[in-house]
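Structure assessment
Listed here are the chains, written in short residue letters.
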Amino acid sequence: MPLNRDFIGRSAPSTQPFEVTRGDIRRFALAIGDHNPAYLDREAAQAFGHPDVIAPPTFLISASTGDAAGGLIGHPDMGLVYAMVVHGEEKFEFHRPVRAGDLLDSVTRIEDIRDAGRNELMTLVTEVTSNGDPVATITNTIVSRGTAAQES
Amino acid sequence: MAPSWSEVEVGTELPAQEFALTRANLVQYAGASGDFNIIHWNERVAKSVGLPNVIAHGMLTMATAGRVVTDWVGDPGLVVSYGVRFSRPVVVEDDDTGATLAVTGVVEAKNDDGTVTVVLTATVGGEDVLTGARAVVRLPQA
């Protein structure tokens, strides 16, 4: 089943603010095998000029998927089957690093859904802010394998 | 310490690194990221949807490759942007060694705003798993 193209252009705010804790950052850093002290040690992060530990560049992925994306991607009318999804492209652009103590808001917009051969590509753009100040822009393209409408 | 702007040239190579990605790493990443897509941990389902086996989260590959940049600059907060395309899935067999991700980086441009653009290659078994992988980092001016 093709994805529902009525969703193109729709946007939704995160269902709740994304609270960034030192524990979240530590868990993520250790999961990617990265022991950079800026992620794990507040004094080391401060020596770099940060107020607290900062998050790895790709940490915000969890702020741009699932419930954080306002429920758009997993909306029952979207028709997306997760087992058929692989990742196409991802880009993070930062106004400043994400750090422990951040309470982040985000708005995710479905920029495009298009065919690519037998697959479909869906591009999402998420603007992440803290108290209204821009933190990051995330551009995410996912591939829905084999769901393009078959030519008749 | 981050290399300074003046000591970096177009063509400067970053220290290359190799990383192992095992099933255990995938499980740990699933928990930390909240991405529990079944194709990253269930061989039966992965094969049933046409994949060769369980595959790594693209975001785990991206995060791992990015370490060549953040290890080079020291302070990950210097990263201004980081983007990749996922060109081939990283298949992770059920064994003790998993997949070996080989990552290289080279400075592609020195930009007028005091940043440099690094282009990364990431391969498994000699085949690219990322394309168009670029990071822009701000280097100290000294």
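None of these values were measured; they are calculated from a predicted model.

Below, the discussion takes up the environment of Val 86 of chain A. Looking at the secondary structure, you find Val 86 of chain A in strand E3 (residues 85-94). C-alpha of Val 86 of chain A to C-alpha of Leu 121 of chain A: the two residues are 35 residues apart in sequence and 9.9 Å apart in space. If we ignore the near neighbours within four places in the chain, the residues touching Val 86 of chain A are Val 143 and Arg 145 of chain A together with Gly 58 and Pro 89 of chain B.

Here we come to the packing of helix H1 (residues 22-31) of chain A against helix H1 (residues 23-33) of chain B. If you want to describe how two helices pack, look at the angle between their axes and the distance between the axes. One can describe the packing of H1 of chain A onto H1 of chain B by two numbers: an axis separation of 8 Å at closest approach and a directional angle of 155 degrees. Viewed along their axes, H1 of chain A and H1 of chain B adopt a mutual orientation that is roughly antiparallel. Crossing of H1 of chain A over H1 of chain B shows left-handed handedness. Residue-level inspection shows Arg 27, Phe 28 and Ala 31 of chain A of H1 of chain A in contact with H1 of chain B, the latter providing Gln 28, Tyr 29, Ala 32 and Ser 33 of chain B.

What follows concerns the interface of chain B and chain A. Contacts between chain B and chain A engage 33 residues on the former and 32 residues on the latter. Looking at the side of chain B that touches chain A, the elements that each hand over two or more residues are H1, helix H3 (58-73) and strand E2 (79-86) of chain B. A per-element tally of the side of chain B that touches chain A places H3 of chain B first, with nine residues. Residue classes in the side of chain B that touches chain A are distributed as 18 nonpolar, 11 polar and four charged. Strand direction decides the pairing type here: E3 of chain A and E2 of chain B, joined by five bridges, are antiparallel. Along E2 of chain B, the bridge assignment pairs Glu 89 of chain A with Arg 85 of chain B.

About the cut-offs
- Residues numbered from 1 in each chain as written.
- Chains lettered and ligands numbered in written order.
- Predicted model: local features only at pLDDT ≥ 70, side-chain atom pairs only at ≥ 80, totals over all residues.
- Helix = DSSP H or I, 4+ residues; strand = E, 2+ residues; numbered from the N terminus.
- Contact = placed C-beta atoms within 7 Å.
- Axes fitted to C-alpha atoms, helices over the stretch in contact; angles between N-to-C directions.
- Parallel < 35°, antiparallel > 145°, perpendicular 65-115°, else oblique.
- Left-handed = near helix turned anticlockwise from the far one by under 90°.
- Nonpolar A, V, L, I, M, F, W, Y, C, P; charged D, E, K, R; others polar.
- Pairing = 2+ DSSP bridges.

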